Amino acid sequence: MQQDESLGRINATMQIEIKLLTGLKRYLPDPDLTGTVRTLEIAEPATVKTVLEKLNIPLDMPKVIMLNDRQGALDDPIASGDRVTVFPPVGGG
Amino acid sequence: MSILKIDMNKKEVVKEVFPKNKLVGGRAMIDYLLTEYGSPTAHPLSPEAPFIAAPGLLAGTSAPQSGRMSFGGKSPLTGGIKEANSGGTAGDMLGRLGIRAIKVQGKSDQWQVLKINAEETVLEPAGDIVGMENYAACEKLRQRYGKKVSVIIIGPAGEMKLANSTVAVTDPEDRPARHAGRGGVGAIMGSKGLKAIVVDSTGVHSRKAANPDAFKQAVKTAVETIQNNPLRQVFNSLGTNVCIDADGDRGSLPTRNHRHGAFEKRKGLCSNTMIELNNARGGSMGNACMPGCIVRCSPIFHDADGNHVTSALEYETIAMLGANLGIDDLDPVARMDRRCDELGLDTIEVGCAIGVLNDVGLFEFGDVAKAESYIEEIAQGTPMGRIIGSGVTQTAKVFGIDRIPAVKGQGIPAHCARSLKGWGVTYATSPQGADHTAGVVEDDPLNPVGQVERSRMSQIYTAALDATGLCMFTFLAGTPDIIASMVAALYGVPWTTADFEELGKEMLRQERAFNIKAGIGPEADGLPDWMRTEPLPPTGAVFDVPQEEIDQLFNF
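Below: a short report on this structure. (Residues numbered from 1 in each chain as written. Chains lettered and ligands numbered in written order. Predicted model: local features only at pLDDT ≥ 70, side-chain atom pairs only at ≥ 80, totals over all residues. Heavy atoms only, no water.)

1. Concerning the interface of chain B and chain A
When the parts come together, some accessible area is lost, and that loss is often what is quoted as the size of the interface. Formally: Throughout, a residue-residue contact means that at least one pair of heavy atoms, one from each residue, lies within 4.5 Å. In this description, buried area is defined as the sum, over both parts, of the accessible area (probe of 1.4 Å) that is lost when the two are combined. By salt bridge we mean one thing: a side-chain nitrogen of Lys or Arg within 4 Å of a carboxyl oxygen of Asp or Glu. Definition of a polar contact: a pair of N or O atoms within 3.5 Å, with one able to donate and the other able to accept a hydrogen when the atoms are protein atoms, and with sequence-neighbouring residues admitted only if both atoms are side-chain atoms. Put simply, DSSP H or I for four residues or longer makes a helix, DSSP E for two residues or longer makes a strand, and each gets a number counted from the N terminus.
The partner chain A presents 14 residues to the 28 residues of chain B that form the contact. Regarding the contact of chain B and chain A, the summed buried area is about 1,800 Å², with carbon and sulfur atoms giving 63% of it. Across the contact surface, chain B and chain A share 1 salt bridge. In this structure, E276(B) and R70(A) form a salt bridge, with 3.7 Å as the shortest nitrogen-oxygen distance. Scanning the region where chain B abuts chain A turns up 2 residue pairs in polar contact (both at pLDDT 80 or more). If you list the elements that add at least two residues to the side of chain B that touches chain A, you get α7 (230-238), α8 (242-249), α9 (271-281) and α10 (315-321) of chain B. If you tally residues by element for the side of chain B that touches chain A, the top one is α7(B), at 7 residues.

2. Comments concerning the sheet that holds strand β14 (residues 298-302) of chain B
Residue and element names in this part refer to chain B. Worth spelling out the cut-off: Strands qualify as paired when DSSP identifies two bridges or more between them. To obtain each axis, a line is fitted to C-alpha atoms, and for helices this fit is confined to the stretch in contact; angles are then taken between N-to-C directions over 0 to 180 degrees.
Spatial ordering of the open sheet is given by β13-β14-β15, a layout of 3 strands whose pairing is antiparallel. Each edge of the open sheet carries a strand with a single partner, namely β13 (284-287) and β15 (308-311). Strand-to-strand twist in this sheet, taken as the mean axis angle between neighbours without regard to direction, amounts to 25°. Of the pairings in the sheet, the one linking β13 to β14 comprises 2 bridges and is antiparallel in character. Residue pairing across strands places N287 opposite S298, the latter belonging to β14. The strands touched by helix α11 (residues 330-343) within the sheet are β14 and β15, with β15 carrying the most contacts at an inclination of about 70°.

3. Structural notes on the nonpolar core
Which entries qualify depends on this criterion: Throughout this description, the term nonpolar core refers to a set of buried Ala, Val, Leu, Ile, Met, Phe, Trp, Tyr and Cys residues connected via side-chain atoms within 4.5 Å. Accessibility here uses a 1.4 Å probe with only protein chains present; expressed as a share of the type maximum, an area under 20% marks a residue as buried, one over 50% as exposed, and anything in between as partly exposed.
F87(A), F215(B), F235(B), V242(B), M486(B) and L527(B) are the most contacted members of the largest nonpolar core, which has 135 residues in total. Sequence-distant contacts of V242(B), that is, excluding residues within four places in its chain, are made with V64(A), Q71(A), F87(A), V90(A), V234(B), F235(B) and S271(B). Counting 44 residues, the second-largest nonpolar core is a separate cluster that includes A53(B), L123(B), A180(B) and L194(B).

4. A few points about the layout of surface pockets
The cut-off we apply is this: Points on a 1 Å grid over protein atoms alone make up a cavity when a 1.4 Å probe fits among them but cannot get out, and a pocket when they form an open set with protein on both sides within 12 Å along at least five of seven lines; lining residues each have an atom within 4 Å of a point. Grid points are joined across faces, edges and corners, and a volume is the space filled by probe spheres set on the points. Gly is put with the polar residues, along with every residue not named as nonpolar or charged; the nonpolar set is Ala, Val, Leu, Ile, Met, Phe, Trp, Tyr, Cys and Pro, and the charged set is Asp, Glu, Lys and Arg.
Approximately 1,000 Å³ is the volume attributed to the largest pocket. Around the largest pocket, the lining comprises 33 residues; the ones closest to its centre are V90(A), L231(B), V440(B), E442(B) and F475(B). Sorting the residues of the lining of the largest pocket by element identifies α7 and α17 (451-468) of chain B as the ones contributing at least two each. Tallying contributions element by element places α17(B) first for the lining of the largest pocket, with 6 residues. Looking at the lining of the largest pocket residue by residue, the classes come out as 21 nonpolar, 7 polar and 5 charged.

5. Quick look at the pattern of salt bridges
All names here are of chain B. Taken as a whole and assessed by the stated rule, the structure comprises 36 salt bridges over all chains. One salt bridge in this structure joins R339 and E376, with 2.7 Å as the shortest N-O distance. With a gap of 37 residues between them, R339 in helix α11 and E376 in helix α13 (residues 368-380) connect regions that are remote in the sequence. In this structure E376 comes out as partly exposed when scored by relative accessible area, which is 26%.

6. Side note on empty space enclosed by the protein
Residue and element names in this part refer to chain B. Across all of its chains, the model carries 2 cavities of 30 Å³ or more by this definition. Quantified by volume, the second largest cavity comes out at close to 50 Å³. Lining the second largest cavity are K408, T429, P431, R512, N515, I516, I520, G521, P522, D525 and F554. Residue contributions to the lining of the second largest cavity peak at 3 residues, all from helix α19 (residues 497-517). When its residues are assigned to classes, the lining of the second largest cavity shows 5 nonpolar, 3 polar and 3 charged.

7. Overview of the packing of helix α1 (residues 26-37) of chain B against α17(B)
Residue and element names in this part refer to chain B. Condition: Any angle between 65 and 115 degrees counts as roughly perpendicular, while under 35 counts as roughly parallel, over 145 as roughly antiparallel, and the rest as oblique.
The geometry of α1 relative to α17 is characterised by a closest axis approach of 4 Å and an angle of 95° between their N-to-C directions. By the angle class used here, α1 and α17 are roughly perpendicular. Seen from α1, the contacting residues are G26, R27 and A28; seen from α17, they are A463, D466 and A467. Along the lines of polarity and charge, the residues of the contact of α1 with α17 split into 3 nonpolar, 1 polar and 2 charged.

8. Observations concerning the sheet that holds strand β9 (residues 150-153) of chain B
Sheet strands pair by backbone hydrogen bonding; their relative direction is either parallel or antiparallel. Residues and elements named next belong to chain B. Across the sheet, which stays open at both edges, the 6 strands sit in the order β8-β7-β12-β9-β10-β11 with mixed pairing between neighbours. Looking at strand neighbours, the two that pair on one side only are β8 (121-125) and β11 (178-180), the edges of this open sheet. On average, each strand axis in the sheet is inclined to that of its neighbour by 20°, with strand direction left out of account. Taken strand by strand, helix α3 (residues 134-145) contacts β7 (112-117), β8, β9, β10 (167-169), β11 and β12 (194-200), and its axis lies near 135° from that of β9.

The following block contains the structure:
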């Protein structure tokens, strides 16, 4: 019984929105489709790092991550419905 | 369209017709008028050396984010040509009034205010605002001239004619938080005896286009392009401060006097920390600096008691007064930014200058009180304050420091040249000196190959963009056809991407020609030698773009 519950948790998935900008668009599922936004089904629990790994984005590639309206870090936890945006470094200020 | 020629000796204003279809504006207007009226060998602060202010080609129209205002002349910091631009409300107002440029020469013994509105342009005694810091002076000027004015003003640093002094422009909240920061443009304005320019365009409609339908369509395309650019949301939500993490991650965040490219305590400075503090204290992200802004990238920052401290707390300031001084707390950085805005000082140059004092034991990294006390010394005009207020190169000279983060006398900004080599080429070669807005290059940052070509194109397109008055965060420099369509429809002349590019090239040629006559030749187009030998942790990068290649940058 306990084992089943545990299995159930491991198998649970959630939907999140991902957005990959400019040079990173090639890492999108179906990169040839239009737009930069996709819905991604991902196993719970997940972090930003899990999402990048699932998309095969090299973790050491210089990039900026937004998690919803905040800046995201690799170990930030992801919840269902979150929006993860990844884009190349930008300059200014 | 007109140009205002101000003779400060006679206190005389002459309004001349400016040829409507002569397509120079903003930085191009500085280049044009300085070439026409300025002597490259004159002292930058001499009466005959002109101070020039110019809105861009698209100012005063419905073109989005087109109110950047250029200020310039011969720089007391670099000794060469100088243009620095700023947001704020004045560019749009001057555009509406049909004023393409203000050229000021001569010197008034008594400080003056130049009042510009639809009826008249007159010089008036500055009176009790002389010696005042910027916020108080602007409040006084609003009482004197009405609440709807936009104010262009120099602070005490400009009055002291310090080589690191700014020209401030008031923002939509009427705060003098927008600064044409670099190269000592405040001192050039101050050297004429001009304390402020007060602009009022009340009741004046935006400019009519020669081809209204085409202009409307071109503006619509521009607006949609900006709205659809994903970077809009990034800058709106996170501010330019997004770069603290972005540059920290790639080893290009100047830390402890440019000795490191990453700051281990950067969390205290980053966007998320700013957002959390803003949410708790009533500050805000996402504010506009000019009418018609779609991106709205500016934070307004409050203290722990919920009182406004500063507006436009930008990445460059946070990096140079934070990480570069080993300071990991946004509160003191915001306080110092406010003091610099009050005094009219460029935060990049101040951060560089205090940073090098570590080399001679006059500053310990992380010492907030000492950093703040040095800025107060500038306020008081003490000899030490005046030294720091003269920029990093002068400061280093006075204290016998040989490791100077500067090009052509101007401090290197907050994207490290060694680990962003294309940007480094821009710092090395720009006629403006080390300037992060003169030609951004992000590609393949650690590879020296191909960076000269990238920097050349970026500098050409950026120069032309600076002529239009468009903000660099319209991200339109990459789609010059959209910009060219707006200019063509507004002025009713054929103007294409090729013209845009040729304008940028001609500007760089003019700027370089002025510099050469001023004694700043090709030999000045390089980064400091130590950047070629001292590795920058954590990437270990040195600047290794061959000088022979760099010397070819202006071959176009």
